[in-house]
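Chain and residue survey
Residue-level listing of the chains:
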Amino acid sequence: MASSLPAPTPKNRVEKRGRQARTALTCANCRIRKTKCDGRQPSCKTCEVYHDTCRYEKIPPLSHILSMARKLQEYEQLIGELRQGSTPSDDPASRASFVEVARDSHVRGVTGEMSPTQVPAPTTPPVADPEPRAVAAGAVPGAQISDLSIDEHGRLCYHGPTSAVHDPSRVEEPSASVTLEDTPRSDADVRRFLRTRASELRSLEDFSVGNAALQIDIPKELVSKMLQLHWAWIAPMFLWVYRPAFMRDMASGGQYCSQLLVTVLCAHSSRFQGGELGKMLISRARLLLGGEIQKPSSIPTAQALLQLSARELAYGATSQAWLYSGMAFRMVSDLGLHHSNGRESNLSHLTVEDLEIRKRLFWSCYFWDKAISLYLGRMPTLTDLPSDHAPTLFDDHTEDEFWVPYYGDSGHFGSIPVHDYPRQKAHSISCFENSCKLAIIINDIMVQLYSHRPSSSTEQALSALQRRLDYWRAASPSHLKYDGDNAPLVCPPPHILAQNLLYYSTIILLHRPFNLNFAHHEACRKASNNIESLLLVLEKTFGFTRLTYLMAYCVYTGASAIIKDVRGGDVEASSRMGTFQRALQGALSTCPLVQRSLDIINNGLRSPERNQSRSLNSAVETEPQQYLPAFPNHDFLLDVDQWESRGSLDINSFPFLDCFPENHIDTEIGDWCLHV
């Protein structure tokens, strides 16, 4: 019966390809369901019917589009030569071109990249940014791949075009003869593969913990407690460590686990336990670090440096925290992790798990860079974005897991016992992806409003940043959005609450330089109100002893926005200030860093009252007064006679918000100095 069907003619094939090329985009959900998609954005009709969150696969980078255009030209040239009666074997150049095209098609098929007919229009704006930014100034299409090479040990590394050690000839794509039948061929296959692998590896974790206890010479029960504290309170916010690979290699001695990383992870978690365990572990970690940095860059060492940075920041060792994070960022760059566009598989035999880990670690660094820069008031280090502009993680098996609070031996200080905490999904993947999108906006706020070289048009920069922030909030998933007017009765998982606190703090950072204008001041007050309402939910559920450094920064920012109102006798503002002070005081046991923030707030509240009241738009007083800085690093004594009032800019805050690099006034010697 099959033999009776008419054979497809070349004309039919061309018409079929033409119809396929005109087909609209297909969202990820419709592709998985194998249903027809109308391609509407932001949500297709099918997803609206199923009440699903509609999402489209990431837009391919410009370099990839140009590469496919070049291949298409080679196809056309080859077809033209064949029509003239020649064959690829007759012309060596054509034969080489044919082999290259075939090999590229094979590699693109197994890595799941889009075919030319599936490429969406490159003008579609990214979800988190209605005003697309360039990846880097002067970026050349295809330059990212040419900057990656293979070192003498077969590892992927990064060297720029001016390098004297970069050897492009060592960058070889996989041969077409390589068999990759086991490699997932599409995004859906990759997602399914990683989810299944992660679920299977959970059953091996008990054995892995026992092996780690032998390595670091700590009882297994204690290691288990430290790891549970880490996975519950630390890991979901920044996703520094990819749990499936880390726990597997903890048992097998693989590349994604090291004695240094296990030691640092336990040392970081021990700050929630108290005692001398943390001091012993951190001393051991510093000894191990001395040996690791003599070796080539590795992912576990970079992850350990990030955790060391976070731990030192929590204990107030800001110089060490800044240096450790800088080493981690350099190591990530050395490994080429900022080239997270999925095409690294063409340069080295990386598995889909390797690509997932590389992408997660880069965005963890990017997010942590903004967090530590905010708290210390310093210019962010990582400002350029990879070609994908925002993370899209494939292993989302923890997204629908239920988050369970774990307290170890430290006890519980909230009003809701652990066994009574309602079942709530962790949503750790969507929360992390959304936080990274917010971090991109925070980066631009710091660069455009708080640097020594601000934007040439402050009003335009403010308007554009406000639109992007509003767009981010509107596009955020509903399960991640909380506000003070509709505060929940029970606190959501802390990483979700922290994202909302960071959003309201970003509003304050955006409007605070213009605080003398009534509208901007009201925006700061409203954001501060929302921060206080969410903190009360956190206090009721968990207490303030689990307050993280990022939450502490948000508390300080909320307090700084209403300090003027408190000094003016505003009763409501004074009540909110009491909540902020109570939160910082409760966090001292696990995050001693906040003592400095608390001192700055208390000093600001003790400032002498103004001799006479004035409106928000009146002239600036001429007598010196104490200034509450935007970043809780140092406080100052400001001589306002040195500054002029410029429009609606807040003369009491804007000059010293321009705080990069850390030039401040030393109040003891009355002169400029450099703080680190």
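Thresholds, definitions, all that
Residues numbered from 1 in each chain as written. Predicted model: local features only at pLDDT ≥ 70, side-chain atom pairs only at ≥ 80, totals over all residues. Heavy atoms only, no water. UniProt positions renumbered as here; feature names shortened; annotations may be inferred. Helix = DSSP H or I, 4+ residues; strand = E, 2+ residues; numbered from the N terminus. Buried < 20%, exposed > 50% of the residue type's maximum accessible area, 1.4 Å probe, protein only. Contact = heavy atoms within 4.5 Å. Areas by Shrake-Rupley, 256 points an atom, 1.4 Å probe, with all protein chains shown as cover. Expected span 1.5 Å × (residues − 1). Core = buried A, V, L, I, M, F, W, Y, C linked by side-chain atoms within 4.5 Å. Domains from an automatic or database assignment. Arc of directions from axis to C-beta. Polar contact = N/O pair within 3.5 Å; in protein donor to acceptor, adjacent residues only side chain to side chain. Axes fitted to C-alpha atoms, helices over the stretch in contact; angles between N-to-C directions. Parallel < 35°, antiparallel > 145°, perpendicular 65-115°, else oblique. Left-handed = near helix turned anticlockwise from the far one by under 90°. Nonpolar A, V, L, I, M, F, W, Y, C, P; charged D, E, K, R; others polar. Phe/Tyr/Trp six-rings, centres within 6.5 Å; stacked < 30°, edge-to-face > 60°. Lys NZ or Arg CZ within 6 Å of the ring centre and 35° of its normal. Salt bridge = Lys/Arg side-chain N within 4 Å of Asp/Glu carboxyl O. Patch = residues over 30% accessible without salt bridge, like charges linked within 9 Å, V, L, I, M, F, W, Y side chains within 5 Å.

The protein has the name Zn(2)-C6 fungal-type domain-containing protein in an unreviewed UniProt entry, where Exophiala spinifera is given as its organism. The protein has a UniProt comment under Subcellular location (unreviewed entry) that states "Nucleus".

1. Overview of the overall build of the protein
Of the regular secondary structure elements, the protein holds 24 helices and eight strands. The buried share of the protein, taken over its 676 residues, is 51%. Long-range contacts, defined as pairs at least 24 residues apart, comprise 72% of the intrachain contacts of the protein with a sequence gap of at least 6. In the form shown here, the protein has an accessible surface area of approximately 31,000 Å², with 54% of it arising from carbon and sulfur atoms.

2. With respect to the UniProt feature "domain: Zn(2)-C6 fungal-type" (unreviewed entry) in the protein
What UniProt calls "domain: Zn(2)-C6 fungal-type" (unreviewed entry) maps, in this numbering, to residues 26-56. A distance of 7 Å separates the end C-alpha atoms of residues 26-56, which is 39% helix and 0% strand.

3. Observations concerning helix H19 (residues 518-541)
In a regular helix each residue adds 1.5 Å, so 24 residues correspond to 34 Å; H19 covers 35 Å between its end C-alpha atoms and thus fits that length. Looking at the residues trailing H19, positive phi occurs at Gly-543, about 80 degrees.

4. Observations concerning the nonpolar core
Membership of the largest hydrophobic core comes to 148 residues, with the highest contact counts inside it found for Phe-246, Trp-368, Leu-535 and Leu-547. Among the elements that take part in this core, helix H15 (residues 352-376) stands out by supplying 14 residues, more than any other. Counting only domains with at least three residues in this core, you end up with domain 2 (187-377) and domain 3 (431-606). Not counting the four nearest positions on each side in its chain, Phe-246 is found in contact with Leu-227, Trp-231, Val-241, Tyr-256, Cys-257, Leu-261, Val-262 and Leu-265.

5. Quick notes on the side chain of Ser-373
Within the secondary structure, Ser-373 is located in helix H15. Excluding its chain neighbours within four sequence positions, the residues that come into contact with Ser-373 are Trp-322, Arg-378, Met-379, Pro-380 and Met-446.

6. Some points on helix H22 (residues 571-586)
For H22, which comprises 16 residues, the first-to-last C-alpha distance of 23 Å matches the rise-based estimate of 22 Å (1.5 Å per residue) to within 8%. Among the residues making up H22, those that are buried are Ala-573, Arg-576, Met-577, Thr-579, Phe-580, Ala-583 and Leu-584. What you see down the axis of H22 is that its buried residues fit within an arc of 155 degrees, all on one side. Of the surrounding secondary structure, the elements contacted by the buried residues of H22 are H19, helix H20 (549-560), helix H21 (563-567) and helix H23 (594-605). Residue Asp-570 occupies the N-cap position of H22, its side-chain oxygen lying 3.0 Å from the main-chain nitrogen of Glu-572.

7. Examining the packing of helix H8 (residues 205-216) against helix H10 (residues 243-252)
Running from amino to carboxyl end, H8 crosses H10 at an angle of 60 degrees, the nearest separation of the two axes being 7 Å. Here H10 runs oblique to H8, going by the angle between their axes. As H8 packs across H10, the resulting crossing turns out to be left-handed. Taken together, the residues of H10 that come into contact with H8 (itself represented by Glu-205, Phe-207, Ser-208, Val-209, Asn-211, Ala-212 and Gln-215) are Arg-243, Met-247, Met-250 and Ala-251. By residue class, the composition of the contact of H8 with H10 is six nonpolar, three polar and two charged.

8. Things to note about the packing of aromatic side chains
Within this structure, the stated rule accounts for 17 aromatic pairs. Residues Trp-368 and Tyr-549 carry aromatic rings whose centres are separated by 5.5 Å and whose planes lie at 70 degrees to one another, so their mutual orientation is edge-to-face. With Trp-368 in helix H15 and Tyr-549 in helix H20, this residue pair connects regions lying 181 residues apart in the sequence. Note on Trp-368: relative accessible area 0%, which makes it buried. The buried category is assigned to Tyr-549, whose relative accessible area is 5%. Members of the aromatic cluster, each reached through a chain of ring pairs, are Phe-238, Trp-240, Phe-367, Trp-368 and Tyr-549. The ring of Phe-402 is capped by Arg-423, whose NZ or CZ atom sits 3.7 Å from the centre of that ring.

9. Quick look at unusual backbone geometry
The linkage connecting Gln-41 with the following residue, Pro-42, adopts the cis geometry, with an omega of 10 degrees. Tracing the backbone shows Pro-42 in the loop between helix H2 (28-33) and helix H3 (45-50). You will see that Asp-217, though not glycine, has its phi angle at about 60 degrees, which is positive. With respect to the helices, strands and loops of the structure, Asp-217 is situated in the loop between H8 and helix H9 (220-238).

10. Examining the pattern of salt bridges
One pass over the full model with this rule turns up 25 salt bridges. Salt-bridge contacts for Arg-202 lead to Glu-401; the nearest nitrogen and oxygen are separated by 3.2 Å. Note that Arg-202 is positioned in the loop between helix H7 (187-201) and H8 and Glu-401 in the loop between H15 and strand S3 (402-403), a separation of 199 residues in sequence. Arg-202 gets classed as partly exposed once you look at its relative accessible area, which sits at 27%. Look at Glu-401 and you get partly exposed, because its relative accessible area is 28%. Here the salt bridges share partners, and the residues they tie into one network are Arg-202, Glu-205, Arg-243 and Glu-401.

11. Considering the side chain of Glu-353
Within the fold, Glu-353 resides in helix H15. Only 2.9 Å separates the side chain of Glu-353 from the side chain of Arg-248, close enough to count as a polar contact. Every residue in contact with Glu-353, bar those within four places of it in the chain, is listed here: Leu-194, Arg-197, Tyr-242, Ala-245, Arg-248 and Tyr-256.

12. Focus on the packing of helix H12 (residues 277-292) against helix H13 (residues 299-314)
Direction vectors running N to C along H12 and H13 enclose 140 degrees, while the axes themselves pass 12 Å from each other. Comparing the axis directions of H12 and H13 gives the class oblique. With respect to the hand of their crossing, H12 and H13 are arranged in left-handed fashion. Side by side, H12 and H13 meet where Gly-278, Lys-279, Ile-282, Arg-286, Leu-289 and Glu-292 of the first sit next to Thr-301, Leu-305, Leu-308, Arg-311 and Glu-312 of the second. Split by residue class, the contact of H12 with H13 holds four nonpolar, two polar and five charged.

13. A closer look at the environment of Leu-584
Relative to the helices and strands, Leu-584 resides in helix H22. Here Leu-584 falls in the buried class, since its relative accessible area comes to 0%. Spatially, the C-alpha atom of Leu-584 lies 9.5 Å from that of Met-551, the residues being 33 residues apart in sequence. Once residues within four sequence positions are removed from consideration, Leu-584 is found in contact with Ala-552, Val-555, Val-594, Ser-597, Leu-598 and Ile-601.

14. A look at a nonpolar patch on the surface
Judged by side-chain polarity, Leu-72, Tyr-75 and Ile-79 come together as a nonpolar surface patch covering roughly 270 Å² of accessible area. Within the secondary structure layout, Ile-79 lies in helix H4 (residues 62-83). The class for Ile-79 is partly exposed, based on a relative accessible area of 43%.

15. Concerning the environment of His-520
Summarising the element assignment, His-520 is placed in helix H19. On the basis of relative accessibility, which here comes to 16%, the residue His-520 falls in the buried class. Considering only alpha carbons, one finds His-520 and Leu-510, 10 residues apart in sequence, at a separation of 8.9 Å. Ignoring anything within four residues of it in the chain, the contact list for His-520 reads Leu-462, His-511, Phe-514 and Asn-515.

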